[in-house]
Amino acid sequence: MTSYIGTATSRIDGRDKVTGTARYAAEFGAPDLAYASLVTSPIARGRLKRLDVTAALKVQGVITVLSHQNRPSMADNDKAYKDQVAPRNGSPFRPLYDDGIKFSGQPVAVVLAEDLETASYAASLVHVAYDEEPHVTDITRQRYNGMALKAPAKPRGDATKAFSESDARHEADYFVPIEHHNPMELYASTAIWNDGRITVYDKTQGVQNVHGYLCGVFECDPGDIRVMSPYVGGAFGSGLRPPFQVALAVLAARAISRSVRLVLTRQQMYAIGYRPAMIQRIQLGAKADGSLNAISHDAVTSTSEYEDFHRNETTWSSLLYRSETAKYDHKLVRLDLPTGCDMRAPSAATGVYALEAAMDELAEALKMDPIELRLKCYSDRDQSNGLPFSSKNLRECYRQGAETFGWSRRNPAPRSMREGHEFIGWGMATGVWEALQMPIAVRIALTSNGHAEVSCATADIGTGTYTIMAQVAADMLGLPLEAISIKLGDSTLPQAPVEGGSWMAASVSNGIVTTSQAIRDDLLKLAQRLPGSPLKGRSGDEVVLANGAIALKTDGRDATAIADVMRSAGIDRIEREERTTFAKDDAHAHNTHSAIFAEVRVDEDIGVIRVTRVVSAVAAGRILNLKTARSQIMGGVVWGMGMALHEETLIDHRFGRMMNANIAEYHVPVNADVHDVDVIFVDEQDEFVNPMGIKGLGEIGIVGVPAAIANAVYHATGVRVRDLPITLDKLTRTS
């Protein structure tokens, strides 16, 4: 009965984006708009001793300079600064709250002026003196001083003994550096003042999360603040928590009773969102036939001095492979840096990198094909809890991916494949992510002229949420796609979680189904009142909305036009809002899986690495939109290339200061780095995960890609680089 779900539908918001009609957080204006610029700390730890704003205030056009000394009142308890995704333990950062300095780049003052240029210039004239204190920003210095975290999975047997008795053993450290979010859209907030009430246009993945945060920080009524974010220019974790600029924009608006815009510079953005550095030690022990009998996965990750941010980095080792024994250890070290945040596939992108690189090294030790080893250790159950997967078509991912890539033609010997002056390497890895969904509410208003408005406070961070919402609504309501309008990104709309974790597509789609069924049931009651109605005595499960009519599923000819039903009842509009929750399934583990195959070419003389082919075969339940889904996986693959070969935040630990806080020196893949990327969606039916059988796609695209590329580099060169990114200096140094 569907015509849109599962098709390659173009984005309904695409025209607005490419023509500039779509407006982002820094593009909303007001007649009384003032502009803000930040003064930030150059030190990593200490106290603000003296702040002199005399010169700044003398500049024509400057309105005021705000600091902790003269700001409007803010809440004075940690709870007020907590947001929906804040770490459970610790004290959230309070911008401009007091004279304490917790990290380099911390805002210490806000200059307000009539235009941006004046505000920026005046900010450069603010003189600040500090009492500097000793700091530590290097995770390697603190590696053995971390606090132990609760193991994410139960140990099984004596892994240490089993490892020592294994026929084949592999043990190594793997390092992932700090990686920073660099979305196209700068972090920005525009606070529009209206007689004490404020509408905030913000770059965020959760308008209601920001709304609750602002109401807590400023101790105001919910009706005093409205948060909107109709479009987001990239996020993937960087917009989950309210960044400090949104609080400072509202603080400034309250201080001068005017509208205020605050846009962070690219350099200032580096004080907000990043993937924490991570050191992992992997031990794998196997029998001669390749079956695992020992897995040990230890991780050390970093957080700030004031919050305990972490994810379960070692969880993934307990999911993927069957092993007789296993143990896990996770430690957290405190550094004088801002709190890290989620970055695409948090914990999986890093944890699976180490695991899959180690599996490749074990395959080399066993002289086994990497796919053969993974199939030998394949598990249909989550090893941490023994639950079977609700669906897992990973074997087919291996098969289809290998066939498309041409894996059977691979010569297993390192440095054995070449063309001209380039070594050719083929590597592969497995990907895994969670299949999650969250409670959500959706409102639908159906009018007698055949139009439906679907409303939910969710976000579209560029992933295509507008489009899949319209597709699902069109099919559920039996209307053409152009008859559906979507409203999202507004804190006054029906409740939605933050958009993250790859749970939004499943959540909002099933939410639309729930509300559409309520609309259908209302129409059925009205239709049953019509004289001679063929629908009398029928239940909602027996009818369907299709082609602008309500009809029996068994005989579409027994149909009544929706417009006629509503006209007969004397109504022009049916509106319903329903909340959708998801039954807890304690009998299954829910995950998406993938197999990634990568080809690299490495220059024999200078070590330059090119990723020339990637095949990603993904099993992720029901695919809603083949076009946007493929784009999601391609984007994840490109990000995985960056993680493997480019991305690294460099810190001068003498000063605790980031040295490459810009997109000239913080390297990311560009068009010339990306060649042939092939995406395969492996058919997978899942009757347990949720009613529509949907699994998320946002995260899985990156998981396993860095390992596949690292494994390919080893195959090409015979040099194993275990600390990312793999750069030509590491290749030549190691060789």
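A. Examining the overall build of the protein chain more closely. On a plain count of helices and strands, the protein chain comes out with 17 helices and 31 strands. In terms of overall dimensions, the protein chain has a C-alpha envelope of 80 × 75 × 50 Å along the principal axes. The buried share of the protein chain, taken over its 735 residues, is 62%. On the protein chain, roughly 28,100 Å² of surface is accessible, and the fraction owed to carbon and sulfur atoms is 47%.

B. Up close: the packing of aromatic side chains. Within this structure, the stated rule accounts for 16 aromatic pairs. Centroid distance Y24 to Y231: 5.9 Å. Interplanar angle 50°. Geometry classified as tilted. Remark: Y231 occurs in the loop between β12 (225–228) and α6 (244–256) and Y24 occurs in the loop between α1 (14–19) and β1 (34–40); sequence separation between them is 207 residues. Pair check on accessibility: Y24 and Y231 agree, each one buried. One Lys or Arg, R395, reaches over the ring of Y378 and ends 3.8 Å from the middle of that ring. The lysine or arginine in question, R613, covers the ring of F405, its NZ or CZ lying 4.1 Å from the ring centre.

C. View of the sheet that holds strand β4 (residues 100–101). The antiparallel open sheet is built from three strands, whose spatial order is β4-β2-β6. Only two strands of the sheet have a single neighbouring strand rather than two, namely β4 and β6 (127–132). Across six bridges, strand β2 (residues 46–52) lies against β6 in antiparallel orientation. When the sheet's bridge partners are listed, L48 is paired in β6 with Y130.

D. Representation of the nonpolar core in the model. Residues L214, V454, I484, L523 and I550 are the most contacted members of the largest nonpolar core, which totals 99 residues. Core analysis: the next-biggest nonpolar cluster, separate from the first, contains 96 residues, W426, A598, V611 and A716 among them.

E. A look at the pattern of salt bridges. Enumeration according to the criterion identifies 48 salt bridges in this entry. D78 is the salt-bridge partner of R94, the closest N and O atoms lying 2.5 Å from each other. In this pair, R94 sits in the loop between β3 (62–66) and β4 while D78 sits in the loop between β3 and β4, placing the two residues 16 residues apart along the sequence. On the accessibility criterion, D78 (26% relative accessible area) is partly exposed. In this structure, the salt-bridge partner of E575 is R573, at a minimum N-O distance of 2.9 Å.

F. Region of the structure containing the sheet that holds strand β22 (residues 484–487). A sheet is described by the order of its strands in space; here four strands give the open sequence β22-β21-β20-β26, paired in mixed fashion. Every other strand in the sheet has two partners, leaving β22 and β26 (573–580) as the edge strands with one partner each. For this sheet the average axis-to-axis angle between neighbouring strands, irrespective of direction, equals 15°. Across four bridges, strand β20 (residues 440–447) lies against strand β21 (residues 452–455) in antiparallel orientation. Its bridge partner being in β21, L446 is matched across the sheet by A452.

G. Quick look at helix α3 (residues 116–124). What α3 keeps buried is the set T118, A119, A122 and A123. Angularly, the buried residues of α3 cover 135° about the axis, an arc narrow enough to put them on a single face. Relative to its buried face, α3 has exposed residues pointing more than 90 degrees away, namely E117 and S124. Packed against the buried residues of α3 are β1, α2 (54–57), β3 and β5 (107–113).

H. Here's a closer look at the side chain of D603. Mapping D603 onto the fold places it in strand β27 (residues 591–603). Buried D603, no salt bridge; nearest opposite-charge side chain is R610, N-O distance 7.7 Å. At 3.0 Å, the side chain of D603 and the side chain of H421 are in polar contact. Residue contacts for D603: discarding those within four places in its chain leaves H421, E422 and V608.

I. Spotlight on the packing of helix α9 (residues 348–366) against helix α16 (residues 705–717). Running from N to C, α9 and α16 cross one another at 35°; their axes reach a closest spacing of 8 Å. Of the two possible hands of crossing, α9 and α16 adopt the one that is right-handed. Across from V352, Y353, E356, A357, D360 and E364 in α9, the residues of α16 making contact are P706, A707, A710, N711 and Y714.

J. Quick peek at α9. Its 19 residues give α9 an end-to-end C-alpha distance of 26 Å, which sits within 8% of 27 Å, the value for a rise of 1.5 Å per residue. A large share of α9 lies buried, amounting to 17 of its 19 residues. Remark: K367 follows α9 within two positions and exhibits a positive phi of approximately 55°.

K. Structural view of unusual backbone geometry. Cis geometry marks the peptide bond from L724 to P725; its omega dihedral reads -5°. Tracing the backbone through its elements, the reader meets P725 in the loop between α16 and α17 (728–734). A positive phi angle is found at L96, which is not glycine, with a value near 60°. Along the polypeptide, L96 turns up in the loop between β3 and β4. Given the relative accessible area of 3%, L96 is considered buried. For S347, which is not glycine, the phi dihedral falls at a positive 75°. Given a relative accessible area of 7%, S347 falls into the buried group.

L. Representation of the packing of helix α12 (residues 465–477) against helix α13 (residues 504–527) in the model. Where α12 meets α13, the axes come as close as 9 Å, and the angle between the chain directions of the two elements is 25°. When the interaxial angle is binned, α12 and α13 end up roughly parallel. Like other packed secondary-structure pairs, α12 and α13 cross with a definite hand, here right-handed. Contacts from I468, M469, V472, A473, M476 and L477 of α12 reach α13 at A505, V508, S509, I512, V513, S516 and I519.

M. The arrangement of the pairing of strand β16 (residues 292–304) in detail. With twelve of 13 residues buried, β16 lies mostly within the body of the structure. Here strand β15 (residues 278–286) pairs with β16 via nine bridges, running antiparallel. Counted as the bridge partner of A286 is L292 from β16. Adjacent in sequence and paired antiparallel, β15 and β16 are bridged by five residues, among which G290 carries a positive phi angle near 100°. Relative to strand β17 (residues 326–335), β16 is paired through ten bridges, and the arrangement is parallel. The residue of β17 that forms the bridge with V300 is K331.

N. Inspection of the state of the cysteines at higher detail. Tallied over the entire structure, the rule returns zero disulfides. Looking at C215, it has no disulfide partner, and the nearest cysteine sulfur is the one in C220, 4.2 Å off. Cysteine C397 is unpaired, with the sulfur of C377 as its nearest cysteine sulfur at 18 Å. What makes C397 buried here is its relative accessible area of 0%.

Reading guide: rules and limits
Along each chain, residue indices are assigned from 1 in the same order as the chain's sequence is written. Whole-chain, interface and lining totals are the exception, using all residues; otherwise, since this is a predicted model, local features are given only for residues with pLDDT of at least 70 and side-chain atom pairs are given and counted only at 80 or more. For the side-chain quantities, the full set of heavy atoms in the structure was used; hydrogens and water were omitted. Runs of H or I in DSSP of at least four residues are treated as helices and runs of E of at least two as strands, each being numbered from the N terminus. Whether a residue is buried, partly exposed or exposed follows from its accessible area with a 1.4 Å probe, protein chains only, as a fraction of its type maximum: under 20%, in between, or over 50%, in that order. Methods summary: accessible areas were calculated by the Shrake-Rupley approach with a probe of 1.4 Å, and residue burial reflects only the protein chains presented. Aromatic rings from Phe, Tyr and Trp, with only the six-membered ring used for Trp, were paired whenever their centres fell within 6.5 Å, and each pair was classed as stacked if the ring planes differed by under 30 degrees, edge-to-face if by over 60, and tilted otherwise. Charge-over-ring placement is defined geometrically: NZ (Lys) or CZ (Arg) within 6 Å of the ring centre, and within 35 degrees of the ring normal. By the convention used here, strands pair only if DSSP detects at least 2 bridges between them. For the purposes of this section, nonpolar cores are sets of buried Ala, Val, Leu, Ile, Met, Phe, Trp, Tyr and Cys residues that join through side-chain atoms within 4.5 Å. Salt bridges, as used here, are contacts in which a Lys or Arg side-chain nitrogen is within 4 Å of a carboxyl oxygen on Asp or Glu. Angular values range over 0 to 180 degrees, each being the angle between N-to-C directions of two axes fitted as lines to C-alpha atoms, with helices fitted over their stretch in contact. Throughout, the arc means the angular range of directions from the helix axis out to the C-beta atoms. Residues count as neighbours in contact if any of their non-hydrogen atoms are within 4.5 Å of one another. When charges are counted, Lys and Arg are positive and Asp and Glu negative, with His and the chain ends excluded. What qualifies as a polar contact is a pair of N or O atoms within 3.5 Å, subject to a donor-acceptor requirement within protein and to the restriction that residues adjacent in sequence count only when both atoms come from side chains. Left-handed describes a crossing in which the near helix is turned anticlockwise from the far one by less than a right angle; the clockwise case is right-handed. Multiply 1.5 Å by the residue count of a helix minus one, and that product is the helix's expected span. An angle below 35 degrees is treated as roughly parallel, one above 145 as roughly antiparallel, one from 65 to 115 as roughly perpendicular, and anything else as oblique. Count a disulfide wherever a pair of cysteine sulfur atoms falls within 2.5 Å.

What is shown is where atoms sit, not what they do.
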